[in-house]
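Now for the letters of each chain:
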Amino acid sequence: MTVTPQIEVDPMLMHPYVVREVAKETPDTFTLTIEPGNGEGSSSFVPGQFSMLWVFGVGELPISISGDPAKHNRLVYTVRSVGQATHALVSQPVGNSVGVRGPLGTGWPAKAARGKDVIIVAGGIGLAPLRPLVYHVLANRKEYGRLVILYGARSPRELLYRKELASWARNRETQLLVTVDYGGLAWRGHVGVVTTLFKYARLQPAHSVAMVCGPEIMMRFVTRELEMHGLRRDDIYLSMERNMKCAVGVCGHCQYGPYFICKDGPVFRYEQIRPLLEKYEL
Amino acid sequence: MENLERIIAEHPFFEGLDSEFTKLMVSCASNVRFKAGTYILKEGDPANTFYLIREGKVAVEVFAPQRQPIIVATLSVGELLGWSWLLPPFQWRFHARAIDSVRAIALDGKCLRTKCEENHDLGYAVLKRFAQIMEHRLEATRLQLLDVYSVSR
């Protein structure tokens, strides 16, 4: 099955939104909640999609949607402040306006995963585009099998959504495993890279769909681990990231072999892009 | 002993091991418990034992002067702790601390070393299993060293 683009809105049309909240998640990562400036509902989105966020006077940024797809009155984004534009975005005071294009791109195959176990593997801020999928599965619990979430971060203080992680772990038929690369003495959880969690995961590979997001090198190791555990390549999906500009597959900034990440992705079936993952400097 | 034999025989580490070898292992094994916070092994001490963790979590720590110990890995149920008993100079290279109450099977490495020297088939079977664990942990350490989540990546 190929992941199909979900674009329903005019991708070139920018809509004004108002900043309602900027919440600090980690020392450099913030979650931004915005609402439509015209008081109407926001565009619906599929988990895994992204928007182009325009900070007036600074520039436009592609940011994955990290909020609940069932809440139509707002859009939520989790942003790591690492440059001028992202810093400007997370520094927006409540009440300020930002421009939004989208939602754009392909989403996670939530429909195709119905009736199966859902395995989510996230690294660092890679949990952000997967969070809408977790919300979706938890809100439609009977439609899915077990939910297994494997999440790795650099250190305990860099874990996203800590309160939510605790509540997800309490859900029926959900296994949440969290690890950090470097743990202090106060940390009582796992220490080690995310791939070391697989030995504790209760997987049913033949009845599972895996969705992975994180640094590309992490995803390479994770896909290998998933395959070793018996998952078929067709049942593994990855979210890719490249520098996006136009977001409609015209400018070529996000070209990835024969694909444009903005238009053909960001979510791809593993089998579709596997040869590209093994190429240097692509 | 019968119970220990069953536990050892069913442990993934010993999967496929000749039953005669399993019996030899059992003769070197005992049940142990560690309270949360206690050190199971300490860097520099003689390494004469290894552990199959049955319950709880263990932190593998590196001592760093003028700072708190650094946890480099955690090991949990089903995993194996300690391989310094296998190779000279038979000294622990890390600290290992019980994060919570730990139940394990301790295997006498000194006893097993002797048996491996006497029976090279057993020695090869044991070494092959340890080499696989070492390979997995080396790969995980390499990935950890890459610091994939850092901004400057």
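Every residue gets a number counted from 1 within its own chain, in the order that chain's sequence is written. As they are written, the chains are lettered A onward and the ligands numbered 1 onward, keeping that order. In view of the model being predicted, local features appear only for residues whose pLDDT reaches at least 70, and side-chain atom pairs are presented and counted only at 80 or more, with totals across whole chains, interfaces and linings using the full set of residues. To get the side-chain values, all heavy atoms of the structure are used, and hydrogens and water are removed first.

**Considering the pairing of strand E7 (residues 117-123) of chain A**
Remember that side chains alternate between the two faces of the sheet whenever the strand is regular.
Residue and element names in this part refer to chain A.
Part 1 of the reasoning: For E7, the buried fraction is high: seven of the seven residues fall into the buried class.
Part 2 of the reasoning: Burial status follows relative accessibility: with a 1.4 Å probe on protein chains alone, a residue under 20% of its type maximum counts as buried, one over 50% as exposed, and anything between as partly exposed. Comment: elements are numbered from the N terminus, with helices defined as DSSP H or I runs of at least four residues and strands as E runs of at least two. By the alternation rule, side chains of E7 split into Asp117, Ile119, Val121 and Gly123 and Val118, Ile120 and Ala122, which are all buried.
Part 3 of the reasoning: Bridge count for E7 against strand E11 (residues 208-213) is six bridges, and the pairing is parallel. Paired with Val118 across the strands is Val209, a residue of E11.
Part 4 of the reasoning: When the strands point away from the viewer and the connection leading from the first strand across the helix to the second strand turns clockwise, the crossover is called right-handed. Crossover connection from E7 via helix H2 (residues 131-139) to parallel strand E8 (residues 147-153): handedness right-handed. For two strands to be treated as a pair, DSSP must find no fewer than two bridges joining them.

**Remarks on the interface of chain A and chain B**
In many analyses, interface size is given as the accessible surface area lost on bringing the parts together.
Part 1 of the reasoning: Residues are treated as being in contact if the distance between any of their heavy atoms lies within 4.5 Å. Each partner contributes to the interface: chain A provides 31 residues, whereas chain B provides 26 residues.
Part 2 of the reasoning: Here the quantity called buried area is the accessible surface, traced with a 1.4 Å probe, that two parts lose on coming together, added over both. At the boundary of chain A with chain B, total buried surface from both sides reaches about 2,400 Å², with 58% on carbon and sulfur atoms.
Part 3 of the reasoning: When the buried surface of chain A facing chain B is broken down by residue, A:Leu185, A:Arg188 and A:Val191 rank first, second and third, together holding 25% of it.
Part 4 of the reasoning: Note on definitions: salt bridges are taken to be side-chain nitrogens of Lys or Arg within 4 Å of carboxyl oxygens of Asp or Glu. For the pair chain A and chain B, the interface holds three salt bridges.
Part 5 of the reasoning: Put simply, A:Lys199 and B:Glu79 hold a salt bridge, and the shortest N to O gap is 3.2 Å.
Part 6 of the reasoning: Distance and chemistry together define a polar contact, namely a pair of N or O atoms within 3.5 Å, with one atom able to donate a hydrogen and the other to accept it when in protein, and with adjacent residues in sequence counting only for side-chain atoms on both sides. The interface formed by chain A and chain B holds 11 residue pairs in polar contact (both at pLDDT 80 or more) in total.

**Some words on the side chain of A:His190**
Part 1 of the reasoning: By the element assignment, A:His190 lies in strand E10 (residues 190-191).
Part 2 of the reasoning: Looking at A:His190, the relative accessible area reads 11%, which means it is buried.
Part 3 of the reasoning: If near-sequence neighbours (up to four positions away) are discounted, A:His190 is found in contact with A:Leu177, A:Val178, A:Thr179, A:Val180, A:Leu197, A:Tyr200, B:Lys57, B:Thr74 and B:Ser76.

**Structural notes on the pattern of salt bridges**
Part 1 of the reasoning: Going through the model one piece at a time under the given rule, you end up with 18 salt bridges over all chains.
Part 2 of the reasoning: A:Glu60 is the salt-bridge partner of A:Arg101, the closest N and O atoms lying 2.8 Å from each other. With a gap of 41 residues between them, A:Arg101 in strand E6 (residues 97-104) and A:Glu60 in strand E4 (residues 59-64) connect regions that are remote in the sequence.
Part 3 of the reasoning: A:Arg101 gets classed as buried once you look at its relative accessible area, which sits at 5%.
Part 4 of the reasoning: In this structure, B:Glu10 and B:Arg6 form a salt bridge, with 3.5 Å as the shortest nitrogen-oxygen distance. With B:Glu10 and B:Arg6 both in helix H1 (residues 2-10), this residue pair falls four residues apart, about one helical turn.
Part 5 of the reasoning: According to the relative accessible area criterion, B:Glu10 is exposed, its value standing at 57%.

**Details of the confidence of the model for chain B**
Part 1 of the reasoning: Mean pLDDT over chain B: 89, with 97% of residues reaching 70 or higher.
Part 2 of the reasoning: For this predicted complex, the interface confidence score (ipTM) comes to 0.84, while the overall pTM stands at 0.90. pLDDT measures the predictor's confidence residue by residue and takes values from 0 up to 100.

**Overview of the packing of helix H2 (residues 19-26) of chain B against helix H4 (residues 120-145) of chain B**
Residue and element names in this part refer to chain B.
Part 1 of the reasoning: Lines fitted to C-alpha atoms define the axes here, with helix axes fitted over just the stretch in contact, and angles between the N-to-C directions of these axes take values from 0 to 180 degrees. Packing of H2 against H4 brings their axes to within 11 Å, and their N-to-C directions diverge by 80 degrees. It follows from the interaxial angle that H2 and H4 lie roughly perpendicular. Between H2, through Phe21, Leu24 and Met25, and H4, the contact on the second element is made entirely by Asp121, Leu122 and Val126.
Part 2 of the reasoning: Taken together, the residues of the contact of H2 with H4 sort by class into five nonpolar, no polar and one charged. Angles below 35 degrees are treated as roughly parallel, those above 145 as roughly antiparallel, those between 65 and 115 as roughly perpendicular, and all remaining angles as oblique. When residues are grouped by polarity, Ala, Val, Leu, Ile, Met, Phe, Trp, Tyr, Cys and Pro land in nonpolar, Asp, Glu, Lys and Arg in charged, and all others, Gly among them, in polar.

**Concerning the state of the cysteines**
All names here are of chain B.
Part 1 of the reasoning: In plain terms, two cysteine sulfur atoms within 2.5 Å form what is called a disulfide here. Applying the stated criterion across every chain yields a total of one disulfide over all chains.
Part 2 of the reasoning: Sulfur-sulfur distance for the disulfide between Cys28 and Cys111 comes to 2.2 Å. In this structure the cystine formed by Cys28 and Cys111 twists about its S-S bond by roughly -55 degrees; its chirality is therefore left-handed. With Cys28 in the loop between H2 and strand E1 (29-34) and Cys111 in helix H3 (residues 109-118), the pair connects residues that are 83 residues apart, well separated along the chain.
Part 3 of the reasoning: For Cys28, a relative accessible area of 5% corresponds to the buried category.

**Points about the packing of H3(B) against H4(B)**
All names here are of chain B.
Part 1 of the reasoning: Between H3 and H4, the shortest axis-to-axis distance is 5 Å and the interhelical angle comes to 125 degrees. When the axes of H3 and H4 are compared, the pair comes out oblique. Two secondary-structure elements touch here, H3 through Leu112, Lys115, Cys116, Glu117 and Glu118 and H4 through His120, Leu122, Gly123 and Val126.
Part 2 of the reasoning: For the contact of H3 with H4, the residue count by class is four nonpolar, two polar and three charged.

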